[in-house]
Amino acid sequence: MICFYTRFKRRLFMKFKRGLLMKRILYLFLSLFVFFLSVYAQKSAEGDAGYAGADTCKGCHAEYYDSYAKSIHARKAVPGSPANLNACESCHGPGSAHVEKGGGKGTGMFVFSRKADAQDKAAKCLACHEESRHLAFWDNGRHKSAGVSCDDCHSIHGGRGKNLKADQPDLCFDCHKDIRMFSNRQSHHPIKEGKMNCTDCHNPHGGFGPKMIKADVVNELCYTCHAEKRGPFRFEHQPVAENCLTCHNVHGSNHRAMLVSKPPQLCQDCHGDGFHNGRPYTGQTSFKGSSPRAQMYSRACMNCHTNIHGSSSENFFLR
Amino acid sequence: MMLIPFSAFADEAVFEGEVTAQGQLVHVSGNKANFNEYSDTEDGIYGAIGLRYEKDSYFMRFNASDIGYDTQKYTLDGGMWGKFKYDLFYNEIPHNITFGAKTFYSGAGDSSLNIKGDPDNVSTWHSFDYETERKRFGGGVKLDLLNPFFVDISAQTEKKEGIKPAGVNSGFARFTELPEPIDYRTDTFHIEGGYSKKPFFVSLSYDYSKFNNDDQALDFFNFINGVEDSLTLPPDNKYYKFGFKGAVFLPYNSKFSLNAGTARAKSQADSNNILDINHFSGKVDTTNVDMVLTSNPASFLDGKLFYRYYDRDNESDDVDENLSWIDRSLGGQFVFKLPASFRLTTGYTNRRTTYEDRFDAKKRTDDVYSADLSWSGLDFATFRVGYEYLHRSLDRDDTEAKADDDTIWRFDVAPGHRNIFKASVDLFPVDNLSLTVGYKYKKTDYEDRPLGEATTGLGLRDYKTDEVFIDASYAFAALAQIHGYFDYEKARSLQYGHSDSDATNWNVRQKEKTFDYGVGTDIFIIPKKLTLKVQYDYVRADGSADFNDFLGVLTPSGSDISDWDDYRLQAFSVRVMYDIMKSVSLTAGYVYEQFKLEDIQLEGYQYLPGGGSPSYLTGAYKDPNYNANVVFLALTYKF
């Protein structure tokens, strides 16, 4: 009897306890639900509060509004575009306070000015574009660490293809003036002729390659257009196989074939000792000199060492 | 405040475009190939078309330029935003070297040359052009239908045809310049698939490239040696690479990225009976791994740590020298945003390259230190200074060069150090005026030699450059805009050589001064109706080489070179653009371009240098000077 009672009491107790537990769990879920509901409502309220609306922006900033309206950012058909969010205020922030104060600075609006922090400006764009595969490695790139922001190259309010502020290479030359200088030289890649762009070789959005090139090593990039140099050759030329930039200035040079200096001197930087390769090839050995030599005039060492990038025949690259 | 109806943002169909027809007259005196090195500017009518269509989320663009000419280019791209994109293209790129070259061989451009002229009488030789043309076509598609999953596929074929200069020796003193045929085809394919959604990015890729050369050798009769001879040409090759890329966001605004790849290049070179060489199969495997950790844990600090590994393994059969190596880099970079608008970037990289069978180097080690400081405390100016120091050491133990006490140190591995200093200022005193001034100094010394090693220090000893850049632009309200630039570089190098036959050392000091400047103006005579654009650009280079030797016999008076790739290039253009009506505009213009080169390697050019025992040249790069005048009139219709 007592056992039964005890068991009954225990069962009752357990039932009570389970019931209490269930109640507590129920209360907990209800509380959480109410909490999150209120948070959502709060955010929604905040989301609506503070935004003035694009119509209001246009009232004072008609020129900017018109340029935005013509841009891809104003197209509702584009998933995730500002046109489907808060238009101008998607990037510049809620504008109610700005409007209430009659406009002007210091009202909490984000302005893409020269003084604004590059990282803050980039963060505005990355808020939507961060998951783009083209920006997956933006953090690795030199542009980010150098304080370049998206609006240095792109015009959010429209522009040329890909919303660029200017066409290549002028856009890149705005900062990379030394590259502009090299590309103006007599021996150059056809960049200023419009047959190549900087982005044919470089990824301005960052990556893993040196100098943000679109390859893991320099030679791999060069071989995409100059596959005949890839080999492998039976007889390889060490500096060629290791790095094309040992001998070439890829952006332009005063010397034929974009060489960093003129043969025979370029070659004698490594091969300046011996019999014929150890001689100084001076003005006397040119066409008009007292003793013209094949190692000097016309194409100098390449008059004979034609297969300088590698040969299937022999190790002096003569055949 | 206007009420903007909701329909104003509805995506109505947009179809617009423009067609341009440009007639031009061209007069070139001098080297037409050099004037048209990468272009095809001649008398004629040039056409260009640009079309754009957009409706809802669908868009399409078509562009065509230089229709029918050697520089013609067509692109078609389009897609649906957020779903897919496609592109197709066709592009021709000429590269003209010399028109009217000469040879006593017939069959220029073929893989076999026959003598069909008197080698010692240039007037009997045949004329041909050193020129090549690339024809590139392909396309691709990017799929985002299953976003965040994506797939990118692209393929391209390039045909390159033409003739380029080559040369074959007959002993040490004589050679024959030949027209080498170019008949290349390169096919490439790329596919990448992956997933991109915070906090992960993952992709796998495959790249394939196949190079085919229709001519494996150039066979010819060697007139000097009196024998059948042959020059091997680039062998066919294939390349394929598997790659993996990944990134994951971590706490404290950090990100870890990984790039890994493995690739193989294989080549097949035919046997050559004339040269008595067997068939060759080349194989080179490469492996690379890159790891990068970036972090922005606080607003004032941005950091990056990286590690790179690259392994090249030459597994070709029957190679003379096994060029295999492993490259490892380890380093970091930190950006500090300091008070008072200062920004400091510091970096360090340690790079080690270990060679397997390089005769003069076992291990090369580079330590690179860098620091950059910028200040933007003023609204109208930003100042920057930077410094980089590289120290290179070389381990030559157990190499052939060490055993032979090799006296020359190849500069790509030679121990030494390099200093780079740069400074610039960007000024924006008023909204419509900008001015940039920059300076860069670089000095590389290859002078470090371990005690006990040969100290003759042959080869490149030092290399110095000074660079100055100036840029300015000013807009006079809506009336006109003026812009200009100036670049200057002075480069100096010192090189030592040793003549075995004279048992003495010599050296040469080379100098190059290059400056270029440009000035242009846009004058809005009638704003948005009539515009005048004028532009002038000038490039000038002056080089020299001064020789010295200890015996004083190798470099007698008259040895120094003052014409060492000295050239002037100037271009002037003026164009008037008139909008006849909203959809029609007329552009008239004139372009003048002049190029003048003075270079001792081409001055007094001879097809048969060497007197009674001549070598035989074809005129490659001879007489590169030109003057060109172009007058054009273009009509553009926009719709």
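*Asks:* Break down the overall build of chain A for me, citing the residues and quoting the values.
*Replies:* If you tally the helices and strands in chain A, you get 12 helices and 1 strand. Going residue by residue from the N terminus, the α and β elements of chain A occur as α-α-α-α-α-α-α-α-α-α-α-α-β. When each of the 319 residues of chain A is scored for burial, the buried share is 42%. Put simply, of all contacts in chain A between residues at least 6 apart along the chain, 48% involve residues at least 24 apart.

*Asks:* Outline the overall build of chain B, supporting the account with residue identities and numerical values.
*Replies:* Of the regular secondary structure elements, chain B holds 2 helices and 30 strands. Its C-alpha atoms put chain B at 90 × 65 × 50 Å along the principal axes. Among the 639 residues that make up chain B, the fraction classed as buried is 28%. Considering only intrachain contacts with a sequence separation of at least 6, the fraction spanning at least 24 residues in chain B is 59%.

*Asks:* Describe in detail the nonpolar core, supporting the description with residues and values.
*Replies:* Counting 60 residues, the largest nonpolar core has Leu 178, Leu 218, Leu 231 and Ala 414 of chain B as the members making the most contacts within it. Mapped by element, the contributors of at least two residues to this core are helix 10 (218–222) and helix 12 (265–271) of chain A together with strand 5 (84–103), strand 8 (126–143), strand 9 (149–170), strand 10 (174–197), strand 12 (217–222) and strand 24 (459–476) of chain B. Here the element with the most residues in this core is strand 10 of chain B; it accounts for 4 residues. Residue assignment places this core across two domains, with domain 1 (135–222) and domain 2 (231–303) of chain A each supplying three or more. Beyond its immediate sequence surroundings of up to four residues, Leu 178 of chain B is in contact with Leu 113, Ala 166, Gly 167, Val 168, Leu 218, Phe 220 and Leu 231 of chain B.

*Asks:* Now, about the domain arrangement of chain A: what can you tell me, with residues and values included?
*Replies:* All names here are of chain A. As far as domains go, chain A holds domain 1 (135–222) and domain 2 (231–303). The straight-line distance from the C-alpha centre of domain 1 to that of domain 2 is 31 Å. Residue assignment for the side of domain 1 that touches domain 2 shows that the elements contributing at least two residues are helix 9 (177–183) and helix 10. Looking at the side of domain 1 that touches domain 2 residue by residue, the class counts come to 4 nonpolar, 6 polar and 1 charged.

*Asks:* Got a sec to walk through the environment of Asp 360 of chain B? Specific residues and values, please.
*Replies:* Residue and element names in this part refer to chain B. Relative to the elements of secondary structure, Asp 360 occurs in the loop between strand 19 (342–355) and strand 20 (363–378). Asp 360 gets classed as buried once you count the C-beta atoms within 10 Å, which come to 21. When the C-alpha positions of Asp 360 and Asp 398 are compared, they lie 9.2 Å apart, and in sequence the two are 38 residues distant.

*Asks:* Provide a residue-level description of helix 6 (residues 118–129) of chain A, including the pertinent values.
*Replies:* All names here are of chain A. End to end, helix 6 covers 16 Å across 12 residues, agreeing with the expected 16 Å (1.5 Å per residue, within 8%). For helix 6, the full list of buried residues reads Lys 121, Ala 122 and Lys 124. The buried side chains of helix 6 occupy one side of the element, clustering within an arc of 145° when seen end-on. In helix 6, those exposed residues whose orientation departs by more than 90 degrees from the buried face are Asp 120 and Ala 127. Against helix 4 (88–92) lie the buried residues of helix 6.

*Asks:* Which residues make up the interface of chain A and chain B, and what are the values?
*Replies:* Where interface size is quoted, it is often the accessible area lost as the parts come together. On the chain B side, the residues contacting the 86 residues of chain A number 131 residues. Elements that contribute at least two residues to the side of chain A that touches chain B include exactly helix 2 (54–60), helix 9, helix 11 (238–242), helix 12 and strand 1 (273–274) of chain A. Broken down by class, the residue content of the side of chain A that touches chain B amounts to 29 nonpolar, 30 polar and 27 charged. Sheet topology places strand 1 of chain A next to strand 25 (residues 480–499) of chain B; 2 bridges connect them, and they run parallel. Bridge pairing in strand 25 of chain B links Gly 274 of chain A to Ser 499 of chain B.

*Asks:* Let's hear about the pairing of strand 13 (residues 227–232) of chain B: which residues, and what values?
*Replies:* Residues and elements named next belong to chain B. Of the pairings in the sheet, the one linking strand 12 to strand 13 comprises 6 bridges and is antiparallel in character. Across the sheet, Leu 218 pairs through a bridge with Leu 231, a residue of strand 13. Following strand 12, the chain reverses through 4 residues before pairing antiparallel with strand 13; Gly 226 in that reversal takes a positive phi of roughly 75°.

*Asks:* Talk me through the pairing of strand 29 (residues 584–598) of chain B; I want residue IDs and the actual numbers.
*Replies:* Residue and element names in this part refer to chain B. Where strand 28 (residues 566–581) lies against strand 29, 15 bridges are found, and the strand directions are antiparallel. Paired with Leu 569 across the strands is Phe 595, a residue of strand 29. Hairpin connection from strand 28 to strand 29: 2 residues lie between these consecutive antiparallel strands.

*Asks:* Just give me the short version of unusual backbone geometry, but keep the residues and values in it.
*Replies:* A negative phi angle is the norm for most residues apart from glycine, just as the trans form is the norm for most peptide bonds. Residue Pro 232 of chain A follows Gly 231 of chain A across a cis peptide bond; omega there is 0°. In the segment running from Asn 147 of chain B into Pro 148 of chain B, the intervening peptide bond is cis, with an omega of 15°. Following the sequence through the fold, Pro 148 of chain B ends up in the loop between strand 8 and strand 9. Even without a glycine there, the phi angle at Ala 300 of chain A is positive, about 55°. Mapped onto the elements of the fold, Ala 300 of chain A is located in the segment after strand 1. The exposure class of Ala 300 of chain A is buried, given the 22 C-beta atoms found within 10 Å.

*Asks:* Hey, could you go over the confidence of the model for chain A for me, with residue numbers and the actual values?
*Replies:* Residue and element names in this part refer to chain A. Per-residue pLDDT for chain A has a mean of 86; in total, 84% of the residues score no lower than 70. The weakest mean pLDDT in chain A belongs to helix 1 (residues 2–48) at 56; the strongest belongs to helix 10 at 97. Contacts for the low-pLDDT stretch residues 38–47, under 50 throughout, to residues beyond four places or in other chains number 0 contacts.

*Asks:* Describe in detail the environment of Asn 203 of chain A, supporting the description with residues and values.
*Replies:* Residue and element names in this part refer to chain A. Within the element layout of this structure, Asn 203 appears in the loop between helix 9 and helix 10. For the pair Asn 203 and Leu 135, spaced 68 residues apart in sequence, the C-alpha separation works out to 10.0 Å. Ignoring sequence-local partners within four residues, the contact set of Asn 203 consists of Met 212 and Lys 214.

*Asks:* Hey, could you go over the environment of Ala 361 of chain B for me, with residue numbers and the actual values?
*Replies:* All names here are of chain B. Secondary-structure assignment places Ala 361 in the loop between strand 19 and strand 20. Judged by local crowding, Ala 361 falls into the buried class, with 22 C-beta atoms found within 10 Å. Considered as a pair, Ala 361 and Leu 145 are 216 residues apart in the sequence and their alpha carbons are 52 Å apart. When sequence neighbours within four positions are dropped, the list of residues in contact with Ala 361 reads Tyr 355, Leu 394, Arg 396, Thr 399 and Val 413.

So, how was this worked out
Residues numbered from 1 in each chain as written. Chains lettered and ligands numbered in written order. Predicted model: local features only at pLDDT ≥ 70, side-chain atom pairs only at ≥ 80, totals over all residues. Helix = DSSP H or I, 4+ residues; strand = E, 2+ residues; numbered from the N terminus. Buried ≥ 20, exposed ≤ 12 C-beta atoms within 10 Å, placed from the backbone. Contact = placed C-beta atoms within 7 Å. Core = buried A, V, L, I, M, F, W, Y, C linked by C-beta atoms within 7 Å. Domains from an automatic or database assignment. Nonpolar A, V, L, I, M, F, W, Y, C, P; charged D, E, K, R; others polar. Expected span 1.5 Å × (residues − 1). Arc of directions from axis to C-beta. Pairing = 2+ DSSP bridges. pLDDT = per-residue confidence, 0-100.

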